[in-house]
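# Coordinate inspection notes
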Amino acid sequence: MDLASRYKGVVGMVFGDNQSSNEDSYIQRLLDRISNGTLPDDRRTAIVELQSVVAESNAAQLAFGAAGFPVIMGILKDQRDDVEMVRGALETLLGALTPIDHARVQKTEVHAALMNSDLLSREAENITLLLSLLEEEDFYVRYYTLQILTALLMNSQNRLQEAILTTPRGITRLMDMLMDREVIRNEALLLLTHLTREAEEIQKIVVFEGAFEKIFSIIKEEGGSDGDVVVQDCLELLNNLLRSSSSNQILLRETMGFEPIISILKLRGITYKFTKQKTVNLLSALETINMLIMGGADTEPGKDSNKLANRTVLVQKKLLDHLLMLGVESQWAPVAVRCMTFKCIGDLIDGHPKNRDILASKVLGEDRQVEPALNSILRIILQTSNIQEFVAADYVFKTFCEKNPEGQTMLASTLIPQPHPTARDPLEDDVHMSFGSMLLRGLCSGEADGDLETCCRAASILFHVVKDNLQCKEKALKIVLESPMPSMGTPEPLFQRIVRYLAVASSMKSKDKSSTLGKSYIQQIILKLLVTWTVDCPAAVQCFLDSRHHLTFLLELVTDPAATVCIRGLASILLGECVIYNKSIENGKDAFAVVDAVGQKMGLTSYFSKFEEMQNSFIFSTSKKPQQGYKPLTRTATPSEAEINEVDGADEMVRGNEDHPMLLSLFDASFIGLVKSLEGNIRERIVEVYSRPKSEVAVVPADLEQKSGETEKDYINRLKAFIEKQCSEIQNLLARNAALAEDVASSGRNEQSQGSEQRASTVMDKVQMESIRRELQETSQRLETVKAEKAKIESEASSYKNMAAKLESDLKSLSDAYNSLEQANYHLEQEVKSLKGGDPMKVPDIEAIKEEVRKEAQKESEDELNDLLVCLGQEESKVEKLSAKLIELGVDVDKLLEDIGDESEAQAESEED
């Protein structure tokens, strides 16, 4: 066996000749006893010894792989009746495929189990033989066979999948094992779970063999979510079948329905007892629910219709009730379960108006302690101590308000201020409080002790309520809040209160550097609300500019070096919105005043650079946002207790990054797109403001008229003072415009000094390209002139060529006439000769006649020839002039004449034919 010989060579190289020879000899003796022994007991003893040594030694595994497989497979094939030998052979195979404990194996040793798996799976007949053993009656034979197949799958997955697919009834035999005894069923379940992970063909066959019914039967038998790891394996197998297949989802929906998977979410017994395994089982079931909600792979046709149908059926089967119980009412549930539950609720209502209405109508609690489900979710957002739970619950309101103006209006209609509570906790389980009142209470909480965490979270919810809804924005602008202590201040609008909280957060951050790490997202979320609120809302801009301190604070925030890039960028956007949405004509509050303040404070170059810095930050430059969700749960990827209870521990903060990673979830693609579009509009509007004079500079014409009772001298002095004032204002405007022009012109040099040489070389390249372009145009024009002259000369040459052809034709006709005369002369001579044979007296003077005819013909011929020569001389002169002109233009005259001669000869030959 060539492969076995190479295998022996590997053993020798790895373990040395002496050790390999000892192992080989010992293994070989045992194999000889097994294959050639005459006594059954001796053969059984030998296979027990072989099984023991192979299970304990890496070198023995290698030695067995070199020569033992044919012997063992022979036993499985030919000695089925000897159950003890078959068991021993299977146990030996399993030992050869099971890796030795790494602590007992040296680092330099080769992993024999991998090599043996590769060797055994090379022959498809070996897999077929093992699958046939699943039909044996002996329990241990079936059990060891499943373990061997699982070991092969771990080490040679592709080969085993191909072999099982090509084996008749291969998948069917494995599916039959699910109805076997518990131990065998569990092994078969684990094997099928690994087989179906990325094998679409196997998935289809497994579903066809009734996998759904068997899976839910096992889950029910094991006790649902309270079951052990077998339930997790069943759900993992179910997820493999549903993850990327809309057809399998449709089959499940139309056959068994979604009730079996929804029933797993039902909490039984003591609801606050959540073991680690129960938590993992619930997370796996929620993962299955989320797959059904999302409707299959993105590339599959008909995904959207399947997604819509799945969401409709899931809500009809009361899924929302179970999700609300698990994520909202059951506060004993681990954070990971609650977060996954909120994600499922958000996906379930996303783009589904009917499901949104159903969620809005849900109430939670018992007896008198009932409140709308949205209120309960808002309460969790404001009170939870876990950032990830806040983000997950915020996702519910995002999907509820997205493209849902009716829902936004419904929530905004409840924004009614309530008297300030006297209790320590303003949100302490007042279930009778409306959604809007609770939201306003959250916005105003923390003002006394300076903890703006709750205010920040409430601002995030208010962002969803007013987004893209002018009616809700104006409704919120009309809300006036009383001061916490009426004696300390006057009532103020909600918008200005939020701006004040932004200033408080900035001052707190500068004072307490230790809180920057944990709460570095408060200012960004408040700015996100203000930016969205101000879009297309001039009233919000007017409210902001009603207090001069707001503009001053915002300018300070933009230039604050201690602020993060994202904070400075969003503050710059808000400042720009005060320009593009400013409809005020009041002096000091109009767009010109805002732009003037920006120019005086920092200059437009520095201001615009804040946009670029923000776009390059990790929050805005991340092209693909991480999806809210969890990695597929498997036995090898099961989270620990700490990960289950604190899912945000790893994401608390990325050292070296100023902005909190949590903002990646809250700053979605739509908000980032809005900021980018606003940036372009702000640049255009500021340039427009600077390009025209301030309209308020113009004076009412009546002020230029002489007042009654005013003397001429006083009138002249007043006009003189007015003109001086006008000149001063004009000089100031010119100075500012000059400074702006200088600022813009020098921005290329000052913004990035390291790029100055590159820009200079770019300018030189542009100059060179422009000169080359002009030279190219001139050359093109000269070329067109030459082409025109060449065409004219070619036309003249063609006419001369035609004339020469005509002359040649005339010469040929003259030659023909001469030949005819020669022929006539010849005939006359013949007649003369014939006449000479008659009477000599009657013969005329033939020679004289002949001479006379010749002279006449010669004279006639000479006249025509002279005329022809004169014409040829004239044509030759013209040809010489044309040749000189063609040579001057660079035309090859000889080649041209040759072409003309060739065409003339061809024409002559055609005429002769």
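Residues numbered from 1 in each chain as written. Predicted model: local features only at pLDDT ≥ 70, side-chain atom pairs only at ≥ 80, totals over all residues. Heavy atoms only, no water.

### Here's the deal with the overall build of the chain
A tally of helices and strands in the chain yields 43 helices and 4 strands. Here the chain holds 913 residues, and the buried ones make up 46% of them. Relative to all contacts within the chain whose residues are 6 or more apart in sequence, the contacts with residues 24 or more apart total 73%. Accessible surface, the chain: about 47,600 Å² in total, of which carbon and sulfur atoms supply 53%. (Helix = DSSP H or I, 4+ residues; strand = E, 2+ residues; numbered from the N terminus. Buried < 20%, exposed > 50% of the residue type's maximum accessible area, 1.4 Å probe, protein only. Contact = heavy atoms within 4.5 Å. Areas by Shrake-Rupley, 256 points an atom, 1.4 Å probe, with all protein chains shown as cover.)

### Comments concerning the pattern of salt bridges
Counted by the stated rule, this structure contains 36 salt bridges. A salt bridge links Arg185 to Glu221; the nearest nitrogen and oxygen atoms lie 3.7 Å apart. Within this pair, whereas Arg185 is found in helix α12 (residues 182–195), its partner Glu221 is found in helix α14 (residues 211–222), the two being separated by 36 residues in sequence. Overall, the relative accessible area of 58% leaves Glu221 in the exposed class. The partner of Lys362 in a salt bridge is Asp321, with the nearest N and O atoms 2.7 Å apart. With Lys362 in the loop between α22 (353–361) and β1 (363–366) and Asp321 in helix α20 (residues 319–329), this pair connects stretches of sequence that are 41 residues apart. Its relative accessible area of 32% is what places Asp321 among the partly exposed residues. One salt-bridge network, held together by shared partners, links Asp41, Arg44, Asp82 and Glu84. (Salt bridge = Lys/Arg side-chain N within 4 Å of Asp/Glu carboxyl O.)

### Looking at the environment of Ile264
Note that Ile264 resides in the loop between α17 (259–263) and α18 (276–294). Taking the C-alpha atoms as reference points, Ile264 and Asn281, separated by 17 residues in sequence, lie 8.7 Å from one another. Discounting chain neighbours no more than four positions away, the residues touching Ile264 are Ile219, Ser225, Leu235, Leu282 and Ala285.

### Observations regarding the packing of helix α32 (residues 548–558) against helix α33 (residues 565–580)
Packing of α32 against α33 leaves a shortest axis separation of 8 Å and a crossing angle of 145°. As α32 runs across α33, the sense of the crossing is left-handed. Across from Leu551, Leu554, Leu555, Leu557 and Val558 in α32, the residues of α33 making contact are Ile567, Arg568, Ala571, Ser572, Leu574 and Leu575. Here the residues of the contact of α32 with α33 sort into 9 nonpolar, 1 polar and 1 charged. (Axes fitted to C-alpha atoms, helices over the stretch in contact; angles between N-to-C directions. Left-handed = near helix turned anticlockwise from the far one by under 90°. Nonpolar A, V, L, I, M, F, W, Y, C, P; charged D, E, K, R; others polar.)

### Focus on the nonpolar core
Core analysis: the biggest nonpolar cluster contains 220 residues, and Leu50, Leu76, Leu93, Leu174, Ile261, Leu462 and Trp533 have the highest contact counts within it. Setting aside residues up to four positions removed in sequence, Ile261 forms contacts with Phe216, Leu235, Leu238, Ala285, Thr288, Ile289 and Leu292. (Core = buried A, V, L, I, M, F, W, Y, C linked by side-chain atoms within 4.5 Å.)

### Structural notes on helix α19 (residues 303–316)
With 14 residues, α19 extends 20 Å between its outermost C-alpha atoms, agreeing within 8% with the 20 Å of an ideal straight helix rising 1.5 Å per residue. Of the residues flanking the end of α19, it is Lys318, one or two places downstream, whose phi is positive at about 65°. (Expected span 1.5 Å × (residues − 1).)

### Topic: a negative patch on the surface
A contiguous patch of negative charge on the surface is contributed by Glu852, Glu856, Glu860, Glu862, Asp863, Glu864 and Asp867. Along the chain, Glu860 turns up in helix α42 (residues 846–888). Residue Glu860 is classed as exposed on the basis of its relative accessible area of 52%. (Patch = residues over 30% accessible without salt bridge, like charges linked within 9 Å, V, L, I, M, F, W, Y side chains within 5 Å. Lys, Arg positive; Asp, Glu negative; His and termini not counted. Charge placed at Lys NZ, Arg CZ, Asp CG, Glu CD.)

### Side note on the pairing of strand β2 (residues 369–372)
Pairing of β1 with β2, which is carried by 4 bridges, proceeds in the antiparallel orientation. Bridging from a neighbouring strand, Val363 pairs with Pro372 of β2. Connecting β1 to the antiparallel partner β2 that follows it, the hairpin turn spans 2 residues, and Asp367 within it adopts a positive phi of roughly 55°. (Pairing = 2+ DSSP bridges.)

### Section: the packing of aromatic side chains
Applying the stated rule across the entire model yields 13 aromatic pairs. Seen from their ring centres, Tyr143 and Tyr144 are 5.9 Å apart, and the 50° between their planes marks the pair as tilted. When its relative accessible area of 18% is taken as the criterion, Tyr143 is described as buried. With a centroid separation of 5.6 Å and an interplanar angle of 40°, the aromatic rings of Phe397 and Phe435 are classed as tilted. (Phe/Tyr/Trp six-rings, centres within 6.5 Å; stacked < 30°, edge-to-face > 60°.)

### Examining unusual backbone geometry
Of note, the phi angle at Lys318 is positive, near 65°, even though the residue is not glycine. Here Lys318 lies in the loop between α19 and α20. With a relative accessible area of 48%, Lys318 lands in the partly exposed category.

### A few points about the environment of Ser815
Along the chain, Ser815 falls in helix α41 (residues 756–836). Separated by 46 residues in sequence, Ser815 and Ser861 have C-alpha atoms that sit 9.4 Å apart.

### Some words on a nonpolar patch on the surface
A contiguous nonpolar patch, built from Leu811, Leu865, Leu869 and Leu872 and spanning about 330 Å² of accessible area, is present on the exposed surface. The element that contributes the greatest number of residues to the nonpolar patch is α42, accounting for 3 residues. Counting through the fold element by element, Leu872 comes out in helix α42. For Leu872, a relative accessible area of 38% gives the class partly exposed.

### Structural notes on the packing of α32 against helix α34 (residues 591–601)
One way to put it is that α32 packs onto α34 with a least axis distance of 11 Å and a crossing angle of 40°. Put simply, α32 runs oblique to α34. For the pair α32 and α34, the sense of crossing is right-handed. Across the interface between the two elements, Leu551, Leu555 and Glu556 of α32 pack against Val594, Ala597, Val598 and Lys601 of α34. Within the contact of α32 with α34, the residues separate by chemical class into 5 nonpolar, no polar and 2 charged. (Parallel < 35°, antiparallel > 145°, perpendicular 65-115°, else oblique.)

### Here's the deal with α22
Those residues of α22 not exposed but buried are Asn355, Arg356 and Leu359. Buried residues in α22, looked at end-on, bunch into an arc of 105°, giving them a common side. Structural note: α22 exposes Pro353, Lys354, Asp357 and Ser361 on the side pointing more than 90 degrees away from its buried face. On its buried face, α22 sits against α19, α20, α21 (335–349), α23 (373–383) and α24 (387–401). (Arc of directions from axis to C-beta.)

### Section: the environment of Cys537
One can find Cys537 in the loop between α30 (522–534) and α31 (538–545). Note on Cys537: relative accessible area 2%, which makes it buried. Note: C-alpha distance between Cys537 and Asn469 (68 residues apart in sequence) is 9.8 Å. Setting aside anything within four residues of it in sequence, one finds Cys537 in contact with Leu470, Lys473 and Leu477.

### So, the side chain of His550
Along the chain, the position of His550 falls in helix α32. Discounting chain neighbours no more than four positions away, the residues touching His550 are Gln496, Val499, Cys543 and Phe544.

### Structural notes on the confidence of the model for the chain
When the pLDDT values of the chain are averaged, the result is 80; 77% of them are 70 or greater. Considering only residues more than four positions removed or in separate chains, one finds that residues 623–630, a stretch of pLDDT under 50, has 13 contacts. (pLDDT = per-residue confidence, 0-100.)

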